[in-house]
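Secondary and tertiary structure notes
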Amino acid sequence: MATLDASLRKDIQDGFPKYPTRQAVVLPALHRINERLGHVPREAVVELAELLDLAPAQVQDTLSFYSFFKQDRPQGRYRVWVCRSISCAARGGEELLEYLCKKLGIQPGETTADEQITLECAECLGACDQSPAILVNDTLHGNMTEEKVDELLKSWSCQ
């Protein structure tokens, strides 16, 4: 059975006209696969390479360059990135990360047992004026505190 279903293949192919080469399609296609599957399994790399008429190594090279993509297992429903830049660290970012680790019972790079939350470290989220900041999926949350983290977790019905 194919990892990339017909709908996902069509979605990727619909993007072909936007890019000058098939190699240029790799990164946006990886994002689509990651959004749909929660990760990019090795089988998907091979299938994407076939779809783009590229060698699997060319797709794998792009994928492995970005730490955003995971191959071994799906990420949680909520992917929480804690900023570790100097601005965020100076305003409590490291303590916020420690709080999340303790509260969730996981370390950065891990996913909660219920597969709801994956905790990640980000070197910089570009939100120094809102430090400490976290990124949850595609939403930036600034001026974070333990209380605000608790509110987020409660809104997700996770804690």
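What you see is a predicted model, and the numbers here were worked out from it, not measured in a lab. Residue indices follow the written sequence of each chain, beginning from 1 at its first position. Local features in this predicted model are restricted to residues of pLDDT 70 or higher, and side-chain atom pairs are both shown and tallied only at a pLDDT of 80 or more, whereas totals for entire chains, interfaces and linings draw on every residue. Each side-chain value is worked out from all heavy atoms of the structure, with water and hydrogens disregarded.

The axes used here are C-alpha line fits, helices contributing only the stretch in contact, and every angle between their N-to-C directions lies in the interval 0 to 180 degrees. Runs of E in the DSSP output that reach at least two residues are strands. Runs of H or I that reach at least four are helices, and both are numbered from the N terminus. Where helix 2 (residues 26-37) meets helix 4 (residues 56-65), the axes come as close as 10 Å, and the angle between the chain directions of the two elements is 70°. Comparing their axes, helix 4 and helix 2 come out roughly perpendicular. For the element pair helix 2 and helix 4, the recorded crossing hand is right-handed. Each of V26, L27 and L30 in helix 2 lies in contact with helix 4, whose residues at this interface are V59, T62 and L63. Residue type decides the class: Asp, Glu, Lys and Arg count as charged, Ala, Val, Leu, Ile, Met, Phe, Trp, Tyr, Cys and Pro as nonpolar, and the leftover types, Gly among them, as polar. Looking at the contact of helix 2 with helix 4, its residues break down into five nonpolar, one polar and no charged. Any angle between 65 and 115 degrees counts as roughly perpendicular, while under 35 counts as roughly parallel, over 145 as roughly antiparallel, and the rest as oblique. Crossing handedness follows the turn of the near helix against the far one: under a right angle anticlockwise gives a left-handed crossing, and clockwise gives a right-handed one. What makes two residues a contact is simply this: any of their non-hydrogen atoms within 4.5 Å.

Attention shifts here to the domain arrangement of the chain. Parsing the chain into structural domains produces domain 1 (6-63) and domain 2 (78-157). Placing a centre on the C-alpha atoms of domain 1 and another on those of domain 2 gives a separation of 29 Å. By convention here, the domain bounds are inherited from an automatic or database domain assignment.

This brings us to a nonpolar patch on the surface. On the surface, F65, Y66 and F68 cluster together into a nonpolar patch covering about 320 Å² of accessible area. Inspection of the secondary structure puts F65 in helix 4. For F65, a relative accessible area of 65% translates into the label exposed. Exposure above 30% relative accessible area and the absence of a salt bridge qualify a residue for a patch, where like charges join within 9 Å and nonpolar side chains (Val, Leu, Ile, Met, Phe, Trp, Tyr) within 5 Å. Accessible surface area values rest on a Shrake-Rupley calculation with a 1.4 Å probe, where residue burial reflects the displayed protein chains alone. Here, a salt bridge means any side-chain nitrogen of Lys or Arg that lies within 4 Å of a carboxyl oxygen of Asp or Glu. A simple rule labels every residue: compare its accessible area, found with a 1.4 Å probe on the protein chains alone, to the largest value its type can have, and call it buried under 20%, exposed over 50%, or partly exposed in between.

Another point: the pattern of salt bridges. Enumeration according to the criterion identifies ten salt bridges in this entry. In this structure, R79 engages E120 in a salt bridge whose closest nitrogen and oxygen atoms are separated by 3.2 Å. A residue pair is termed long-range when its members are at least 10 positions apart, and R79 in strand 1 (residues 78-83) and E120 in strand 2 (residues 117-122) qualify at 41 residues. Just as R79 is buried, E120 falls in that class too. Across the pair K103 and D150 runs a salt bridge whose closest N-O atoms are separated by 3.4 Å. With K103 in helix 6 (residues 93-104) and D150 in helix 7 (residues 146-155), this pair connects stretches of sequence that are 47 residues apart. With a relative accessible area of 28%, D150 lands in the partly exposed category. Here the residues in one salt-bridge network are D5, D11, R32 and R36, joined through shared partners.

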